[in-house]
Protein chains: 4
Amino acid sequence: MFNSFGNILKLTTFGESHGTAIGGIIDGFPAGLKVNFKEIQEELNRRKPGQSKIVTQRKEPDTVEFLSGIFKGITTGTSIGFIIKNTNQKSKDYSHNTDVYRPSHADFTYDKKYGIRDYKGGGRTSARETANWVVAGALAKQLISDININAFTSSVGDILINKPYQELDFSKIENNIVRCPDEKSAEKMISKIKEIKKLGDTIGGTITCVVQNIPVGLGEPIFNKLHAELGKAMLSINAVKGFEFGSGFSGTKMKGSEHNDIFSENGTTKTNLSGGIQGGISNGMDIHFRVAFKPVATIMQNQTTINSKGEITNIDGKGRHDPCVVPRAVPIVEAMTALVLADFWLINKTRKL
Amino acid sequence: MFNSFGNILKLTTFGESHGTAIGGIIDGFPAGLKVNFKEIQEELNRRKPGQSKIVTQRKEPDTVEFLSGIFKGITTGTSIGFIIKNTNQKSKDYSHNTDVYRPSHADFTYDKKYGIRDYKGGGRTSARETANWVVAGALAKQLISDININAFTSSVGDILINKPYQELDFSKIENNIVRCPDEKSAEKMISKIKEIKKLGDTIGGTITCVVQNIPVGLGEPIFNKLHAELGKAMLSINAVKGFEFGSGFSGTKMKGSEHNDIFSENGTTKTNLSGGIQGGISNGMDIHFRVAFKPVATIMQNQTTINSKGEITNIDGKGRHDPCVVPRAVPIVEAMTALVLADFWLINKTRKL
Amino acid sequence: MFNSFGNILKLTTFGESHGTAIGGIIDGFPAGLKVNFKEIQEELNRRKPGQSKIVTQRKEPDTVEFLSGIFKGITTGTSIGFIIKNTNQKSKDYSHNTDVYRPSHADFTYDKKYGIRDYKGGGRTSARETANWVVAGALAKQLISDININAFTSSVGDILINKPYQELDFSKIENNIVRCPDEKSAEKMISKIKEIKKLGDTIGGTITCVVQNIPVGLGEPIFNKLHAELGKAMLSINAVKGFEFGSGFSGTKMKGSEHNDIFSENGTTKTNLSGGIQGGISNGMDIHFRVAFKPVATIMQNQTTINSKGEITNIDGKGRHDPCVVPRAVPIVEAMTALVLADFWLINKTRKL
Amino acid sequence: MFNSFGNILKLTTFGESHGTAIGGIIDGFPAGLKVNFKEIQEELNRRKPGQSKIVTQRKEPDTVEFLSGIFKGITTGTSIGFIIKNTNQKSKDYSHNTDVYRPSHADFTYDKKYGIRDYKGGGRTSARETANWVVAGALAKQLISDININAFTSSVGDILINKPYQELDFSKIENNIVRCPDEKSAEKMISKIKEIKKLGDTIGGTITCVVQNIPVGLGEPIFNKLHAELGKAMLSINAVKGFEFGSGFSGTKMKGSEHNDIFSENGTTKTNLSGGIQGGISNGMDIHFRVAFKPVATIMQNQTTINSKGEITNIDGKGRHDPCVVPRAVPIVEAMTALVLADFWLINKTRKL
C-alpha cells in the first residue's frame, strides 16, 4: 500500500519536490529485456517542465540514473533502482508558504493527517513524483512493445475534438505543444491556454487514451478488473477528477439494444461501446478511456485562505506553474497505462495450464 | 489480487451463480464489535432480486450464514467466514447458452482467457457476487458507524435529478422502488424502466453517493489515494463504465479561480468542488461521487451473435433479468464505499506517532 | 496478512474448532486442471483424528465440499471456495475452560490481544485449521504433479532414524501408524507414544521432508527465498519450534572446504549440504528440511494455572487429545510444502522473457 | 514479493555489490519520529567490512544518505528513500569469475533462472544487500525504542557459550570483535576464526537473539505468527540454514509435562520454553531464538568446479572475504528482528476496538 503500484510488476517510489532526488524501485521486471535508454529519456522529456510556452517555465533536466537491475544493458530480473536528481530546488520561493494552507491543495490534509508537512514545493504531493512513473512506464512499454498506447489531449476547457478517435492520426500527437492530434483543435487549445495564463489563471481538460493491438485475456476478475486498475491508475495522477471507458457516462443514457457490441465471425465486435473490456478482461478490441483533469490549484492571483492556526490570511501566486496540466500529463497517462498492462501481461502467464 | 479487496480490512470471495453457495472471508476485522445481524440482512434485502416490479423477478432469499469470527455476537479478530446459499439454480434455463457468446457479456473473454467457462447463469461473472460485497460492506458500516454513507439513483437514461444533493432528503431514498430521493424524478424513472421492460430492452443510469461526517485524514498518498480506491471499488461493480468525484468531468471546463475551494476559519471550505478529498486524503467535507452504469447486456430480444467455433448464430433473451440495474446497485455502491472507508480508517491508526 | 498464505496462489482460511464449519478460498489457481477429488480426500484422511491408536480418538469425517471454481471436474481459474463441516462439536467438554488459561496454549495471548476469545475447543487456534491447509495443499500437489514431496516422522522424543534419507524407502511411510519409513524405528516410536499416552503425557518429535524431481529456478531472492518461505510455512504449523534445511544447525560446525557442494559436469552436485537451494533458488537437487514439533500442551494431568482475573486455579486434562502430534502433522508438512512450491512455480512463469 | 519485506512497515530494496549504489525505500513509517541519524550510522558501522581482523579487509564506509521522508529531522509519514554508495568497486577482481560457477554460491541458480547474471562481486546475491536492512532496522528500533533487542554470537564452529542467556551481560557484546558477551568463549572463538583464516578456510556458527520488554499481543495468527515472520526474516539472511525459538529442536525430546510453562499470578510464566510466543502472539516474556549460519562458501583454496558450458575448471579463492560471517551478522539479525516487531506493533493498533 501507500507508495507501491502493481502486483507482479511493482513500482515503489519516494521523493519530495525539493529533496536531493526522487526515485523508485521497479520490482518483478522479468530478466532478458534489452533496455532502450534513449526511449526512456525521451518519455521523461515529454513530461519535463520548460518544454514549451504553455507549460511551467521551470528548468529541470529530469535525467534518470539507473542504479541496479540492468547488466550490460539487459534486465537481470533483480529490482531496478533509479533516481532523478532535483536540480532546481529554489526553496526560498516557498518560504512564505510554510504555514499557509493553499486552497484546493493538500497542505491542510497532510498537516491534519501527519502533524508535519514538507512545505517546500508541495513536498511529496508535488506532481514531480510522476517523473518516477514515466520512468517505470517507459520500461513497461518496452516489455509489451507489441501493444500501442497513445494518449492525447482531447479537450482544454470547453474546446474539444469533435471527432471519434478513429479519425485521428496519432502520429501527429507530438506535432504541437498541446499534444492534440487534431490540428485545428490544437490551435484553439493553445490559444486558450495562453489566454488563461495571461490572466494568471489555470484551466482543466481531458486526455483520451487508446490502446491498440492488445491481446485477448488481460485483466483479472473480480477485484482486478482491467478497467478498475486503469481507473485506479488514472485517479492516482494529480488533479484527476474522473475516469470513464468505452461508452462511459454517455452510455448511461443508452438502451441495451443500442449498447450491445455485436460479434463478427472472427470474434471482433462491430461496435466497441465496451471499450475493449468485457467482464474486466480485454477482448482484443481497442481499449479507449477518458481522464478528467481539474484546473491546477496554484494560480497567479491573490486568494484569501487560512494558516495552521485557523487565521484568515492572503496568498499570492508565485513561482512558475502550469496554466494547464494536460499537455504534460499525456506521457503520464501513457506510463500508468503501460504499467497496468505489463502487470496484467505477466499475471496472465500464470492463469491457465 | 484476483478475488480480494482491501489492505488491512480485506474481503476475499468465491462463488458462481449456480453453485451450491457463494461466500467470502472478511479478514482484518478488529475484535470487539457487537454485530447487528438484522442490519446486515436488511442491506442484503435491498440488493436481492424480486423486491419490486422494476427489477428481476427471480426469487432468492439471500440469507447470509456466518461461519466464524463472531463469538456470542461479538467479533473476535479472527477471519469472518460466511456463505449465502443459492436456492434458485434453474440451470435448465441456460442450457441453450452453453456454447454461445452473448453480446457484451464476458462469455467470449472468459473462454479465451481460461479455456473453460461455467456457462450457468454467468458463472463467476454474475452480479450475484455482489451479495458477498453487501455482507462485508454492512459489517464495515457498523465499524465506522459515525460516518454516514448515502447512495441513490441520480439518473435513469436521460431522466436525472436536477438539484444539487444538498437539496435532497436522504431519508426518502427508500421511499420508492427506484431509490431516488426526489419523488418527481423517481416517478419518471419508474415509468421509464417499466416502458423499457415492456420493449424487452434495458436502460443505463447513474448513482450518486454522498459520505458525510467523515474525519479528516482518511486516504493514503501516493497510490492509495482515497478517491483512487473509491474509483477502483466502483469500477469493480458489474456494468460500471465511469467514475467521477467532486467537480468530475464538468470541472475540466472550469478555471482554477472558479474551482478552488476557499477555506473558512474553521478549516471547512466554502465550496466543495474537491469532493471532500485533497491530495488523496479526506478533508472533512462531504465526499461525493457519481458512478455510471451501462444498460444491462441481457435483453429480451433476438440478437445475432457467434458461438465458440466462430459461427454466426442467434440468441433469444430468456429468463428473468433486470431492465435497469441501478436501483439494486445502490446498496452495492454503499457497501463498497464502506469497505474502502473502513480500511482507511484502520490504516490511519498506524500513520502518526 | 493474517489469514492468507501465498503470493499468486493464495489460500485464505476461516473457522473455529466448534463452529458450523471451517473452510477456505484458494485464489490464483490456474484454469484447466482436472481435479482428482479422491486424492484430496485421501490427504484429509491422513490428517484426520481417530485414524489410529496413537492419535486423538475424536471421530470427525473431515469431508471437504467444494463450492466454486471447479466446473465439470476442471478448475476454471476462478476462486475455489470450500468448507469442511464440524460434526463433532462437543462444546460441553470445554465449559470448565471458559475462564482458565491453559499453560502453553494461546488462551492468555488471545485474551490480552483481542479482549475476547472463543474458548470452545481452542477456537481459531485449534489445529483443526490445518485441515484447510491439507485441502489446498492436495490441490497444489496436483498442479505440480511432477515434483515428489515426501514427509515422514524422523524422530519421536529421543528415538530417531539413524540413517540418511537416501537409505529410506518412502513407499513405506504409510505402512505404519507413526509414518516412519524405517520399520524398526517406527516400532520404537509407536511404543514410546503409547507409553507416554498411558502417563497422560505428550511427547515432541521431528518431521523430515524431502522434495525430489524439482526444476531448477524456483524461489525468489531477496525476501522470498525458497527456504525462507518454506520456513515460514512450517513455522505456521501449530506446535512447531524450529526449521532447518540442508546441513542446518549441524552445518554451523563445519568448515567451508567441507561444506561446499562440488559440481559435477551435468550441473548436479556431489554432495548436497545446500539442501537443494542456493541463493534462495532451487538448484535441482533434492530439497530436504527438518521441522521440530514440541510436545502437545494439553496433557491428561492436573496442572496449576491462572484464570483471567489472575487467580491461581487448577486444570484437569480432559477430552481426547494427541499424545504426539507428529504422525498427523506429516500430511500438513507436505501440504504446506506443496503450496509454497506451486506458488513459486507459477511466479517463475513471469521471471524471464 | 521479491524485494519487499513487511506488511504495513515495508522495506523494498535494490542494488548490486558493484553498482553505483545500493538502497531502499521504507514505506509505512509513521510520521512524527525524531530520527537519531548517529545511531543509524553506528548500526551500519557494526556491519561494515574492515572493522576488525577477523572479518573481511575490504574498506567501505557504508554511509547512508536519506533522500526523502524526513523533514527537519522528523519523519513525515511519506516513503523514506535512501542510498548507500558503493565506493569499493574493484570489478577487476572478479573478471576471472565471469563464466565460472562458484561452489555453493548462487551463480548456477541465477544463471539458470534468469539467463543472465551480474557476476561482479556476487551482484544482487552479495550480502552487501544487508546494509540496506540495517538502515531500515535501525529506524525500526527507534520506533519501538522501549523494546530491547540483543543479538550475539553464541557459537563459532564447535565453540559455544555454555550458559543460559540469563547469565550473560548484554552490555559486553560489543566488548570484543566476535560479539560474544561471554569473554572466555569470545577469546576461543576469535582464536578459532584466526586459525581458520590462516588455512584459507571458513567456519559457521550461531547467533542468539533475545528480545526483552516486549508488550503482550504482537503477532498475527494464522499465517503471520510472530515466530513465523521472525523465522522468515532470519532465513532471508545470507548463509542462514536454520531457525529455532524457545525450546527449539531440543524441545522435541521433552514431555508436555516438562515443557509447559506454568503461569504465575501476574501472567508471567515460571519457565519460558515457549520463547515468549504462544499461538503466534507475544506473551510478554523474553523472546529468544537461535539462527544457524553455514560457513562462507568463498574460501581461499583451489576448488574444482564447472563453467556455464558444463566444463570442469578450477577456481582460486581471491579477494577479501569473511572467514566467519557471524560477527558481522549480529547487527543484521537485530535489524530484521526490529523490522518484524515494528511492523507487528503497527498492525496491532488495528486489531481491537
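Up top you'll find the structure we're talking about.
Report on the accompanying structure. Residue positions are given per chain, counted from 1 along the sequence in the order it is written. Chain A is the first chain written and ligand 1 is the first ligand written, with later ones labelled in order. Only residues with pLDDT of at least 70 are given local features in this predicted model, and only at 80 or more are side-chain atom pairs given and counted; all residues enter the totals for whole chains, interfaces and linings. Side-chain calculation: all heavy atoms of the structure are included, whereas hydrogens and water are not.

**Notes on the sheet that holds strand E1 (residues 4–5) of chain C**
All names here are of chain C. For two strands to count as paired, DSSP must find a minimum of two bridges between them. In this text, helices come from DSSP runs of H or I with a minimum length of four residues, and strands from runs of E with a minimum of two, each type numbered from the N-terminal end. An order of E1-E2-E3-E7-E4 is seen for the five strands of this open sheet, with the pairing classed as antiparallel. Two strands bound the open sheet, and with one partner strand each, they are E1 and strand E4 (64–66). On the sheet, helix H1 (residues 37–47) packs against E4 and strand E7 (80–85) and is oriented at approximately 145 degrees with respect to E4. Contacts are residue-level and defined by heavy atoms, with any inter-residue pair within 4.5 Å sufficient. The angle between two axes is taken between their N-to-C directions and runs from 0 to 180 degrees, where each axis is a line fitted to C-alpha atoms and a helix contributes only its stretch in contact.

**With respect to the relation of the copies chain A and chain B**
When the copies are superposed, the least-squares fit takes in the C-alpha atoms of residues with a pLDDT of at least 70 in both. Its rotation angle being 180 degrees, the transformation that places chain A on chain B also includes 0.0 Å of axial translation and leaves an RMSD of 0.0 Å. Here the two chains are linked by the operation of a two-fold rotation axis. When you check the interface residues of chain A against chain B, 100% turn up at the interface there too, and the contact is symmetric in its surfaces.

**Quick word on the interface of chain D and chain B**
When the parts of a complex come together, some accessible area is lost, and that lost area is often taken as the interface size. The partner chain B presents 17 residues to the 17 residues of chain D that form the contact. By buried area we mean the combined loss of accessible area, with a 1.4 Å probe, across both parts when two parts are placed together. Carbon and sulfur atoms make up 63% of the area that chain D and chain B hide from each other, which totals about 1300 Å². Contact with chain B buries surface across chain D, with D:Thr350, D:Arg351 and D:Leu353 losing the most and accounting together for 47% of the total. The rule for a salt bridge is simple: a side-chain nitrogen of Lys or Arg has to be within 4 Å of a carboxyl oxygen of Asp or Glu. Applying the counting criterion to the chain D and chain B interface returns zero salt bridges. The term polar contact refers here to a pair of N or O atoms within 3.5 Å; inside protein, the definition further demands a hydrogen-donor-capable atom paired with an acceptor-capable atom, and it admits residues adjacent in sequence only when both atoms are side-chain atoms. Our enumeration of links across chain D and chain B arrives at ten residue pairs in polar contact (both at pLDDT 80 or more). Tallied by class, the residues present in the side of chain D that touches chain B amount to ten nonpolar, four polar and three charged. Gly is placed with the polar residues, together with every amino acid not listed as nonpolar (Ala, Val, Leu, Ile, Met, Phe, Trp, Tyr, Cys and Pro) or charged (Asp, Glu, Lys and Arg).

**Concerning the side chain of A:Arg124**
Structurally, A:Arg124 can be placed in the loop between helix H2 (107–114) and helix H3 (130–143). Of the polar contacts made by the side chain of A:Arg124, one reaches the side chain of A:Glu129; its length is 2.6 Å. Setting aside its immediate chain neighbours within four residues, A:Arg124 contacts A:Asn3, A:Thr13, A:Phe14, A:Gly15, A:Glu16, A:Tyr110, A:Glu129, B:Ile222, D:Thr78 and D:Ser79.

**Side note on the state of the cysteines**
Whenever a pair of cysteine sulfur atoms sits within 2.5 Å, that pair is classed as a disulfide. Inspection of the entire model under this criterion finds zero disulfides over all chains. The thiol sulfur of B:Cys209 is not disulfide-bonded, and the nearest other cysteine sulfur, from B:Cys180, lies at 15 Å. Residue B:Cys209 is classed as buried on the basis of its relative accessible area, which comes to 0%. Between C:Cys180, a free cysteine, and C:Cys324, which holds the nearest cysteine sulfur, the sulfur-to-sulfur gap is 12 Å. Only protein chains enter the area calculation, which uses a 1.4 Å probe; residues under 20% of their type maximum are buried, those over 50% are exposed, and those in between are partly exposed.

**A word on helix H5 (residues 226–235) of chain D**
Counting buried residues along H5(D), ten of its ten residues qualify, which places the element largely inside the surrounding structure. Of all the residues in H5(D), the buried ones are D:Leu226, D:His227, D:Ala228, D:Glu229, D:Leu230, D:Gly231, D:Lys232, D:Ala233, D:Met234 and D:Leu235.

**Section: the packing of aromatic side chains**
The rule is short: rings of Phe, Tyr and Trp, with Trp giving its six-membered ring, pair when the centres are within 6.5 Å, and they are stacked under 30 degrees, edge-to-face over 60, tilted in between. One pass over the structure, following the stated rule, counts 54 aromatic pairs over all chains. An angle of 20 degrees between the planes, with centres 6.5 Å apart, marks the rings of A:Tyr165 and A:Phe170 as stacked. The structure contains a cluster of three or more aromatic residues connected by ring pairs, namely A:Phe5, A:Trp133 and B:Phe223. Both a distance and an angle decide whether a charge sits over a ring: NZ of Lys or CZ of Arg must be within 6 Å of the ring centre and within 35 degrees of the ring normal. Positioned over the ring face of B:Phe2 is A:Arg351, at 4.5 Å from the centre of the ring.

**What about the layout of surface pockets?**
All names here are of chain D. Definitions used for this entry: grid spacing 1 Å over protein atoms alone; cavity, a set of points where a 1.4 Å probe fits but cannot get out; pocket, an open set with protein on both sides within 12 Å along at least 5 of 7 lines; lining residue, one with an atom within 4 Å of a point. Grid points are joined across faces, edges and corners, and a volume is the space filled by probe spheres set on the points. Approximately 990 Å³ is the volume attributed to the second largest pocket. Lining the second largest pocket are 40 residues, with Glu244, Gly246, Ser247, Ser250 and Arg290 sitting closest to its centre. Every element with two or more residues in the lining of the second largest pocket is listed here: strand E9 (148–156), strand E10 (159–160), strand E11 (205–212) and strand E15 (287–293). Of the residues that constitute the lining of the second largest pocket, the class distribution is 13 nonpolar, 19 polar and eight charged.

**Section: the sheet that holds strand E10 (residues 159–160) of chain B**
With antiparallel pairing, the ten strands of this open sheet are ordered in space as E10(A)-E9(A)-E11(A)-E15(A)-E12(A)-E12(B)-E15(B)-E11(B)-E9(B)-E10(B). Each having just a single partner strand, strand E10 (159–160) of chain A together with E10 of chain B make up the two edges of the open sheet. Pairing of strand E9 (residues 148–156) of chain B with strand E11 (residues 205–212) of chain B involves eight bridges; the strand directions are antiparallel. In the sheet register, B:Asn150 faces E11(B), and the bridge partner there is B:Val210. Its contacts with the sheet place helix H5 (residues 226–235) of chain A against strand E12 (240–245) and strand E15 (287–293) of chain A together with strand E12 (240–245) of chain B, and it is angled at close to 160 degrees to E12(A).

**Focus: the interface of chain A and chain B**
The interface is formed by 104 residues belonging to chain A together with 104 residues belonging to chain B. The contact between chain A and chain B buries some 8300 Å² in all, and 63% of this surface belongs to carbon and sulfur atoms. Joining chain A to chain B, the criterion identifies four salt bridges. One salt bridge in this structure joins A:Glu229 and B:Lys232, with 2.8 Å as the shortest N-O distance. Across the chain A-chain B interface, the total number found is 44 residue pairs in polar contact (both at pLDDT 80 or more). A breakdown of the residues in the side of chain A that touches chain B according to their chemical character gives 40 nonpolar, 43 polar and 21 charged. Summarising the sheet, E12(A) and E12(B) pair through three bridges and their orientation is antiparallel.

**As for the packing of H1(C) against helix H7 (residues 326–348) of chain C**
Residues and elements named next belong to chain C. At a minimum axis separation of 7 Å, H1 and H7 run at an interaxial angle of 140 degrees. Looking at the two axes, H1 sits oblique to H7. Taking contact as the criterion, the partners of Glu43, Arg46 and Arg47 in H1 are, on H7, Arg328, Val330, Pro331, Ile332 and Glu334. Here the residues of the contact of H1 with H7 are counted per class, giving three nonpolar, no polar and five charged. Comment on the angle field: the value is read as roughly parallel under 35 degrees, roughly antiparallel over 145, roughly perpendicular from 65 to 115, and oblique elsewhere.

**Digging into the relation of the copies chain D and chain B**
The two copies are related by a screw operation: chain D maps onto chain B through 180 degrees of rotation and 0.0 Å of translation along the axis, at an RMSD of 0.0 Å. Both copies contact each other with a shared surface, as 100% of the interface residues of chain D are interface residues in chain B too.

**Quick notes on the pattern of salt bridges**
Applying the stated criterion to the full structure yields 96 salt bridges over all chains. For the salt bridge of A:Glu60 with A:Arg58, the shortest nitrogen-to-oxygen distance reads 3.7 Å. Accessibility assignment for this pair places A:Glu60 and A:Arg58 in one class, buried. Residue B:Arg47 pairs with B:Asp62 through a salt bridge whose shortest N-O separation is 3.2 Å. Taken together, the positions of B:Arg47 in helix H1 (residues 37–47) and B:Asp62 in the loop between H1 and strand E4 (64–66) put the pair 15 residues apart, joining distant regions of the chain. Given a relative accessible area of 0%, B:Asp62 falls into the buried group.

**Some details on the packing of helix H3 (residues 130–143) of chain B against helix H7 (residues 326–348) of chain B**
Residue and element names in this part refer to chain B. Orientation of H3 relative to H7, taken along the N-to-C sense of each, is 50 degrees, at an axis distance of 7 Å. By the angle class used here, H3 and H7 are oblique. Considering the relative orientation of H3 and H7, their crossing is left-handed. Residue-level inspection shows Thr130, Trp133, Val134, Ala136, Gly137, Ala140, Lys141 and Leu143 of H3 in contact with H7, the latter providing Pro331, Ile332, Glu334, Ala335, Met336, Ala338, Leu339, Ala342, Trp345 and Leu346. Grouping the amino acids of the contact of H3 with H7 by side-chain chemistry returns 14 nonpolar, two polar and two charged. In this scheme the crossing of two helices becomes right-handed for a clockwise turn of the near helix relative to the far one and left-handed for an anticlockwise turn of less than a right angle.

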